[in-house]
Amino acid sequence: MAVDRSRRVFVAGHRGMVGSAIVRQLQALGYSNILTATRDELNLLDPAAVNDWFSKHKPEQVYIAAAKVGGIHANNTYPAEFIYENLMIEANLIQAAHLLGVQKLLFLGSSCIYPKFAEQPMREDALLTGVLEPTNEPYAIAKIAGIKLCESYNRQHGRDYRSVMPTNLYGPNDNFHPENSHVIPALLRRFHEAVQAGSDEMVIWGSGKPMREFLHVNDMAAACVYVMELGAGMYTENTEPMLSHINVGTGEDCTIRELAETIAKVTGFRGDLLFDSTRPDGAPRKLMDVSRLKRLGWTASIGLEEGLRETYQWYLDNAEGTRG
């Protein structure tokens, strides 16, 4: 079925890492009516403002990449803000889309929706089968609610609202703060600074043994648009009305040691890697089962070293503009 790429498409959260990648992907595919709104232009926490904006701009498709995000410290310190703001953002956008008659919407979640001790690799049907990781439970609850909002509007109103759950993402527009960022941008920055300083060793928290999966944000954006463009029949045949979300990842993982070795190669660091085993490792493994997405015809295409090189170059080109 031909895809109409002249439709008005609203990308909520277009300035974030994922939202900006979705905008780039849509542009590359020839979408000609991409709608965006900054925080100054639209307060997503205000339902009246969201409804007014939808009435004025009349989007025909919506990508929800907007969210309040942060690391473990932020999630632990501001749990009320994380659950409230994320619930409000998704509820306001989904309700406004429904009221306007928007038939197609894509909600972006997170792999943290799965139980802390979910079997590896994590399948979609692991949702709601166990206790969540306590440090980010409020955020995870909000993301689970987003999935269920989409499913509920589909069941009651016949909408076509879909959800995708990414693994650990990295790439352009990431947060490179040395303490408050995720592992890849934090290590890229630390290794870069070590090279600049002529350091002959790098200390990395933990044993280096935990295994993690990483997906380049450009692959995530490609998967988002691919899932959004799927015909309704293909989507419903491969999902269930109350288990409709789709994992997005590479289906492959590596140890933190292997990740550090690759980053050392990418940044030109030739010193010794030291692993501080007195620091916590976290879960031994976190890997997504992406068989559902593969059945739908999509697989990731950007290898880890290739993606790291591209991300490092972006960091070098934008170092003054990175957060922190």
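Refer to the structure presented above.
Draft legend 1. Representation of the sheet that holds strand E11 (residues 254-255) in the model. Spatial ordering of the open sheet is given by E11-E8-E13, a layout of three strands whose pairing is mixed. Edge positions in the sheet fall to E11 and strand E13 (285-286), since each has one partner strand and no second. By the bridge criterion, two bridges tie strand E8 (residues 211-212) to E11 in an arrangement that is antiparallel. Bridge assignment links Met211 to a residue of E11, and that residue is Thr255.

Draft legend 2. Local environment of the pairing of strand E4 (residues 104-108). Most of E4 is tucked away, with five of its five residues classed as buried. Side chains Lys104, Leu106 and Leu108 of E4 all project onto a buried face; the interleaved residues Leu105 and Phe107 project onto the opposite face, where all are buried too. Two strands pair when backbone bridges link them, and strand E3 (residues 61-64) and E4 are joined in this way by four bridges, in the parallel orientation. By the bridge assignment for E4, Ile64 is matched with Phe107. As defined by bridge partners, E4 adjoins strand E5 (residues 160-166) across five bridges and the pair is classed as parallel. Looking at E5, one finds that Leu108 is bridged to Val164. Between the parallel elements E4 and E5, the chain passes through helix H5 (residues 137-157) in a crossover that is right-handed.

Draft legend 3. Inspection of the packing of aromatic side chains at higher detail. Scanning the entire structure with this criterion turns up eight aromatic pairs. Here a set of aromatic residues connected by ring pairs shows up, and it is made of Phe10, Trp53 and Phe54. The ring of Phe82 carries the charged tip of Lys68 above its face, separated from the ring centre by 5.2 Å. The side chain of Arg162 reaches across the aromatic face of Tyr235, ending 4.3 Å from its centre.

Draft legend 4. How the structure looks around the side chain of Ser207. Examined against the element boundaries, Ser207 turns out to sit in the loop between strand E7 (201-205) and E8. A distance of 3.2 Å separates the side chain of Ser207 from the backbone nitrogen of Lys209, its partner in a polar contact. A polar contact is formed between the side chain of Ser207 and the side chain of Asp281, at a distance of 2.7 Å. In contact with Ser207, other than residues within four places in its own chain, are Arg257, Phe275, Ser277 and Asp281.

Draft legend 5. How the structure looks around the pattern of salt bridges. Taken as a whole, this structure holds 14 salt bridges when the rule is applied. The closest approach of N and O atoms between Arg123 and Asp125, which form a salt bridge, is 3.1 Å. A residue is classified by how much of its surface remains accessible, and Arg123, at 39% relative accessible area, is partly exposed. The shortest N-O distance in the salt bridge between Arg285 and Asp253 comes to 2.7 Å. In this pair, Arg285 sits in strand E13 while Asp253 sits in the loop between strand E10 (246-248) and E11, placing the two residues 32 residues apart along the sequence.

Draft legend 6. The arrangement of the packing of helix H6 (residues 183-197) against helix H11 (residues 304-317) in detail. Interaxial distance between H6 and H11 falls to 11 Å at its minimum, and their mutual angle equals 65°. Helix-helix and strand crossings are classified by hand; for H6 and H11 the assignment is right-handed. Note on element contacts: H11 touches H6 through Leu304, Leu308, Thr311, Tyr312, Tyr315 and Leu316, opposite Ile184, Leu188, Arg189 and His192. A per-class count over the contact of H6 with H11 returns seven nonpolar, two polar and one charged.

About the criteria used
Residues numbered from 1 in each chain as written. Predicted model: local features only at pLDDT ≥ 70, side-chain atom pairs only at ≥ 80, totals over all residues. Heavy atoms only, no water. Pairing = 2+ DSSP bridges. Helix = DSSP H or I, 4+ residues; strand = E, 2+ residues; numbered from the N terminus. Buried < 20%, exposed > 50% of the residue type's maximum accessible area, 1.4 Å probe, protein only. Right-handed = clockwise from strand over helix to strand, strands pointing away. Phe/Tyr/Trp six-rings, centres within 6.5 Å; stacked < 30°, edge-to-face > 60°. Lys NZ or Arg CZ within 6 Å of the ring centre and 35° of its normal. Polar contact = N/O pair within 3.5 Å; in protein donor to acceptor, adjacent residues only side chain to side chain. Contact = heavy atoms within 4.5 Å. Salt bridge = Lys/Arg side-chain N within 4 Å of Asp/Glu carboxyl O. Axes fitted to C-alpha atoms, helices over the stretch in contact; angles between N-to-C directions. Left-handed = near helix turned anticlockwise from the far one by under 90°. Nonpolar A, V, L, I, M, F, W, Y, C, P; charged D, E, K, R; others polar.

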